[in-house]
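Overview (structure and organization)
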Amino acid sequence: MTDVLLRGGHPWGRGAPADILVRDGRIHLVAPGVEAPDARIVDIAGQLVLPGLVEAHCHLDKTLYGGPWVPHSADDTLAGRIGNDLGRRAELGVPSAERIGALLARMSAAGTAHVRTHTDIDPQVGLRGVEAVLEAAASAPVDVRQVAFPQHGVLINPGTAELLEEALKSGVEAVGGLDPAGIDRDPVRHLDLIFGLTERYGAHLDLHLHDGGSLGGWELELITERTRALGLGGRVTVSHAYALGQLDDAYQDRLIQGFAEAGVAIATAAVYSFPVPPIKKLRAAGVTVACGHDGIRDLWGPYGSGDMLERAMHVAYRSTFRRDEDIELALEAATYGGARALGLESYGLSPGDRADLVVVPCGGAAEAVVVHPARTLVMKDGVVLHN
Ligand SMILES: Nc1ccnc(=O)[nH]1
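Residues numbered from 1 in each chain as written. Predicted model: local features only at pLDDT ≥ 70, side-chain atom pairs only at ≥ 80, totals over all residues. Heavy atoms only, no water.

Taken together, the residues surrounding the ligand are H59, K62, F149, Q151, L178, H208, H210, H240, D294 and W300. One nitrogen or oxygen atom from the side chain of H240 is found 3.4 Å from a nitrogen atom belonging to the ligand. Between D294 and the ligand, the recorded distance is 2.6 Å, taken from a side-chain N or O atom to a nitrogen atom. Notes on the ligand: free accessible area 240 Å², of which the protein chains cover 95%. Among the residues forming the shell around the ligand, the class breakdown is three nonpolar, five polar and two charged. (Near = heavy atom within 4 Å. Polar contact = N/O pair within 3.5 Å; in protein donor to acceptor, adjacent residues only side chain to side chain. Areas by Shrake-Rupley, 256 points an atom, 1.4 Å probe, with all protein chains shown as cover. Nonpolar A, V, L, I, M, F, W, Y, C, P; charged D, E, K, R; others polar.)

Following this line, the structure appears as structure tokens:
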């Protein structure tokens, strides 16, 4: 593999420009004035270099991306969306490895290097979604990790718990959950079940929590307690966590302190009208914050482009961030935060890290988020994919 020398860019966070020499899929050297006569040289003077973007919450298996436009047909309730999804997915050919592949290609072109996707598991679809994602991921220049996701409930949907376990046995790396109270009606049993699977299979856990207000707050307490008691810090993520943004400051602060101590991460998609979790407070307390698109052009909603810089803009905008240092927090969620939530190793812009890189014609992080211009260069494991 030929060495690649990215000349004159600004690696994010370094301040001064530096050349980046890439060798054998890794960052070999980051320094000014690197000489590498045998390397392929790419001049990126004055441009910003970011580590590969991390899509930490999406639903690849549900996507209609790459196919004809499908007008949105669900009503405006969670139950309505779930019912519409169940009723129409077969007719629309969901899950489709071809559609998933089209979306992964788009994500990669926009600089996404790592994806965590929640794949529906239920007695009707079985593990077909898992298989479709695996098939598409096998030929995509993106690392894809799946969450076995009980979209249609666990306790209320007999056979689902067994399928979750089967998915973990087959190598799916994380187990999911869904509104232990609002959907499954028994939060303690739901959480004990999915935490039990997490522990038994050495898995990660990433749970959807739409339940709002004090009910959601109480569920966040139960999640924190279990994470702490089982020593699963760093392996547990709560996705959405709308409740966090709805609670009073004192309760919010208590929950956030608990996440920091127990090692619970928060993933947000900054969706529609629900409050975004308080990212500044979470980060100030040392809690990992990740972000993602949620559904991209599927039966749950028509939006989403696959571009994580654009998604970071939505996160920043919905967080009412205006200052550069605040907007940068959204980019942090789309990069290092996501990497921590997913447990990625060798992620970053230092020698020894995997050479997953994105270059944008911007002076800094905030501009990259707000403008999210076309990518100058995308590199995955040392291979230039797009330049
Ligand atoms: N926001 C969501 C997307 C898909 N499934 C869910 O349960 N929630």
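Attention now goes to the pattern of salt bridges. The full count for this structure, using the stated rule, is 26 salt bridges. The shortest N-O distance in the salt bridge between D120 and R89 comes to 3.9 Å. Here R89 lies in the loop between helix 1 (78-88) and helix 2 (97-109) and D120 lies in strand 8 (residues 112-120), a separation of 31 residues in the sequence. Like R89, D120 is buried. A salt bridge links R226 to E225; its shortest N-O distance comes to 3.9 Å. (Salt bridge = Lys/Arg side-chain N within 4 Å of Asp/Glu carboxyl O. Helix = DSSP H or I, 4+ residues; strand = E, 2+ residues; numbered from the N terminus. Buried < 20%, exposed > 50% of the residue type's maximum accessible area, 1.4 Å probe, protein only.)

Evaluation of the coordinates by the stated rule reveals four aromatic pairs. With 5.9 Å between their ring centres and 50° between their planes, W12 and Y336 make a pair best called tilted. Here W12 is found in the loop between strand 2 (10-11) and strand 3 (19-23), whereas its partner Y336 is found in helix 10 (residues 324-342), with 324 residues between them in sequence. The partly exposed category is assigned to Y336, whose relative accessible area is 25%. Connected via pairs of aromatic rings, a cluster forms that spans W12, Y336 and Y347. (Phe/Tyr/Trp six-rings, centres within 6.5 Å; stacked < 30°, edge-to-face > 60°.)

This part takes up the nonpolar core. L50, L244, F259 and L357 are the most contacted members of the largest nonpolar core, which has 83 residues in total. Broken down by element, the residue count for this core peaks at six residues, all from helix 10. In this structure L357 touches L6, I20, V22, I27, V49, L50, G52, L349, L377, V378 and M379, once residues within four positions along its chain are discounted. Grouped together as the second largest cluster of nonpolar side chains are 16 residues, Y65, A97, I100 and V142 included. (Core = buried A, V, L, I, M, F, W, Y, C linked by side-chain atoms within 4.5 Å. Contact = heavy atoms within 4.5 Å.)

Along the chain, the position of P141 falls in the loop between helix 3 (128-138) and strand 9 (143-149). Judged by relative accessible area, which is 31%, P141 ranks as partly exposed. Note: C-alpha distance between P141 and L282 (141 residues apart in sequence) is 32 Å. Those residues within four positions of P141 in sequence are excluded, and the remaining contacts are S108, K380 and L385.

Turning our attention to the domain arrangement of the protein. What the domain assignment reports for the protein is domain 1 (4-51 + 347-386) and domain 2 (53-342). Taken together, the contact pairs 21 residues of domain 1 with 24 residues of domain 2. On the domain 1 side of the interface with domain 2, the three residues burying the most area are W12, Y347 and V369, jointly 33% of the side's total. On the surface where domain 1 and domain 2 come into contact, there are three salt bridges. A salt bridge links D143 to R354; the nearest nitrogen and oxygen atoms lie 2.7 Å apart. On the surface where domain 1 and domain 2 come into contact, there are seven residue pairs in polar contact (both at pLDDT 80 or more). Broken down by secondary-structure element, the contributors of at least two residues to the side of domain 1 that touches domain 2 are strand 6 (48-51), strand 15 (357-360), helix 11 (365-371), strand 16 (377-380) and strand 17 (383-386). Element by element, the count of residues in the side of domain 1 that touches domain 2 is highest for helix 11, at five residues. (Domains from an automatic or database assignment. Buried area = accessible area lost by both parts, 1.4 Å probe.)

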